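Summary of the model geometry
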Amino acid sequence: MKVITVLGSTGSIGTQALEIAKKHNIIVKALAANSNAKLLAEQALSFSAEYVCIYDESKKAELEEYLHGSGTEIITGAEGLKRIASLDGVDIMLNSVVGMVGLIPTLTAIEKGTDIALANKETLVAGGKLVINAAKENGVKIFPVDSEHSAIFQALQGNDMNRIKSIILTASGGPFFGKTKRELENVTVKEALAHPNWSMGNKITIDSATLMNKGLEFIEAMWLFDLKPEQIQIVIHRESVVHSAVEFMDNSVIAQLGVPDMKIPIQYALLYPHRIDSPAGRLSLTDYAKLSFMQPDYGTFDCLTACIKAIKLGGTVPAAVNGANEEAVAAFLSGKIKFLRIGELVSEALESAQKKEITCVEDILQADKAARDCVRNRISC
Ligand code: MG
């Protein structure tokens, strides 16, 4: 019987993970959410969780009311996340929080020797070197939850990582595939949130519309599978059926396919290496008839280009680009900037980033903060 903890339990990945946990009798020892006290309390009661963490401290009283007499201990804030990450007797911590806030809990769990199911890609984008080195030192496994990285991980089973020639990272292209910059000038938040294939949280959906998400995934793949930038090909695949593929040294290509449903990669990460009944639907290739594959438009989608440049520069530059994007997306969602401004702000952050080698978490946090400050200043001008 596996014991897990879930950070980001009320989000899209978190709720689907709990559905899988219920189905397969996985014990959920602790849960953490940003601010949805009501759903968090329901989850805690449903799984008899020992701890719940609400990141937004102003929601603590509300949570206490819901959980009165339940015996669940309530903790808050970044310290609370850290405490959950350092709990004893946990097999896997699912980290599905949004953004850089996931970095410290990931590092904490790794130091504790707890395996990680990683949906929080910003952790690897900003702190890849530290995270991967710490995982190696502590003998901790990182199971990718991102569908593309899960596909690559699945294709690698029974093969050696050092036999990879390249990987084919597929991308749906998001809601604005085929559009020109001119056509994107006045797109609304609602249009940007209308993803054609995947149902996800707001931040990642905007990242999918700007292709920032694919840029982050490019960096994530480099760290997870020890690849050079030249070994990653991004291919637009509108149908989201081929979730990614590995090209091996003998030119054989192995892909993983399935309906676009995150429950497949989430379950694989939580129950690895077992393949058992899934709540996800089955794939019928004849329903699709045709699958398409195209080159991405690097000229229109600045964020994708900026991410690839950032990881080639290395050091703290990816952390800066990621931090700038988090700020820019928040500003777009709250109506402060236009859609194309996100890409401009991310590109400007890349231009002005001071590259520093990463030796400790502080280096990452500083680069992140400097980039965010820079974006906020530019927006308020
Ligand atoms: Mg993905």
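Here, the structure is the one placed above.
Since we're looking at a predicted model, the values are computed, not measured.

The strand order β9-β8-β10-β11 describes an open sheet built from four strands, whose pairing is mixed. Every other strand in the sheet has two partners, leaving β9 (232-236) and β11 (253-257) as the edge strands with one partner each. With direction set aside, neighbouring strand axes in the sheet form an average angle of 20 degrees. The pairing of strand β10 (residues 242-248) with β11 spans five bridges and is classified as antiparallel.

Moving on, we get to the pattern of salt bridges. Tallied over the entire structure, the rule returns 25 salt bridges. As a salt-bridge pair, Lys29 and Glu50 come within 3.6 Å of each other at their nearest N and O atoms. Placement of the pair is Lys29 in strand β2 (residues 27-33) and Glu50 in the loop between α2 (37-47) and β3 (51-54), with a sequence separation of 21 residues. Note on Lys29: relative accessible area 17%, which makes it buried. For Glu50, a relative accessible area of 41% corresponds to the partly exposed category. When the shortest N-O distance is used, the salt bridge between Glu327 and Arg372 registers 3.1 Å. One end of the pair, Glu327, is in helix α15 (residues 317-333); the other, Arg372, is in helix α17 (residues 361-380), with 45 residues separating them in the sequence. When its relative accessible area of 14% is taken as the criterion, Arg372 is described as buried.

Turning our eyes to something else, we now look at the side chain of Lys214. Of note, Lys214 is situated in helix α11 (residues 212-225). Judged by its relative accessible area of 5%, Lys214 is buried. Among residues more than four places away in sequence, those in contact with Lys214 are Glu148, Leu169, Thr170, Ala171, Ile234 and Leu304.

Quick look at the packing of aromatic side chains now. Note on aromatic pairs: each is described by the distance of the centres and the angle between the planes. This model, assessed by the stated rule, comprises seven aromatic pairs. Plain terms: the ring middles of Phe143 and Phe153 are 6.1 Å apart, the flat faces sit at 65 degrees to each other, and that makes the pair edge-to-face. One end of the pair, Phe143, is in strand β7 (residues 142-144); the other, Phe153, is in helix α7 (residues 147-156), with 10 residues separating them in the sequence. Using a relative accessible area of 5% as the deciding quantity, one classes Phe143 as buried. Here the aromatic rings of Phe176 and Phe339 are separated by 5.0 Å at their centres, their planes lie at 80 degrees, and the arrangement is edge-to-face. Within this pair, whereas Phe176 is found in the loop between β8 (164-171) and α8 (181-184), its partner Phe339 is found in helix α16 (residues 339-352), the two being separated by 163 residues in sequence.

Another point: unusual backbone geometry. With glycine set apart, most residues show a phi of negative sign, and most peptide bonds adopt trans. Here Tyr272 and Pro273 are connected by a cis peptide whose omega angle stands at 5 degrees. By the secondary structure assignment, Pro273 is in the loop between α12 (263-271) and α13 (285-288). If you check the backbone angles, Ser244 has positive phi at about 150 degrees while not being a glycine. When you line up the elements, Ser244 lands in strand β10.

Here we come to the coordination of the magnesium ion. Protein-derived ligands of the magnesium ion are Asp146 (OD), Glu148 (OE) and Glu217 (OE), with the metal-ligand distances lying across 2.0 to 2.2 Å. When the donors of the magnesium ion are listed by position in the chain, the intervening gaps give D-x1-E-x68-E. Residue Asp146 is located in the loop between β7 and α7, and its partner Glu217 is located in helix α11; the two are separated by 71 residues in the primary sequence. What makes Asp146 buried here is its relative accessible area of 7%. Assessed through its relative accessible area of 1%, Glu217 is described here as buried.

This next bit is on the pairing of β9. Put simply, side chains in a regular strand alternate between the two faces of the sheet. Within β9, four of the five residues are buried, which leaves the element mostly enclosed by the surrounding structure. When β8 meets β9, the two strands line up parallel, connected through five bridges. Looking at β9, one finds that Thr170 is bridged to Val235.

Another aspect to go through is the packing of α15 against α16. Running from N to C, α15 and α16 cross one another at 155 degrees; their axes reach a closest spacing of 8 Å. It follows from the interaxial angle that α15 and α16 lie roughly antiparallel. For the crossing formed where α15 meets α16, the hand is right-handed. Touching Val317, Ala320, Val321, Ala324, Asn325, Ala328, Val329 and Phe332 of α15 are Phe339, Ile342, Leu345, Val346, Ala349 and Leu350, all from α16. For the contact of α15 with α16, a count of residues per class yields 13 nonpolar, one polar and no charged.

Calculation rules
- Residues numbered from 1 in each chain as written.
- Predicted model: local features only at pLDDT ≥ 70, side-chain atom pairs only at ≥ 80, totals over all residues.
- Heavy atoms only, no water.
- Pairing = 2+ DSSP bridges.
- Helix = DSSP H or I, 4+ residues; strand = E, 2+ residues; numbered from the N terminus.
- Axes fitted to C-alpha atoms, helices over the stretch in contact; angles between N-to-C directions.
- Salt bridge = Lys/Arg side-chain N within 4 Å of Asp/Glu carboxyl O.
- Buried < 20%, exposed > 50% of the residue type's maximum accessible area, 1.4 Å probe, protein only.
- Contact = heavy atoms within 4.5 Å.
- Phe/Tyr/Trp six-rings, centres within 6.5 Å; stacked < 30°, edge-to-face > 60°.
- Donors = N, O, S within 2.8 Å, 3.2 Å for Na, K, Ca; no water.
- Parallel < 35°, antiparallel > 145°, perpendicular 65-115°, else oblique.
- Left-handed = near helix turned anticlockwise from the far one by under 90°.
- Nonpolar A, V, L, I, M, F, W, Y, C, P; charged D, E, K, R; others polar.

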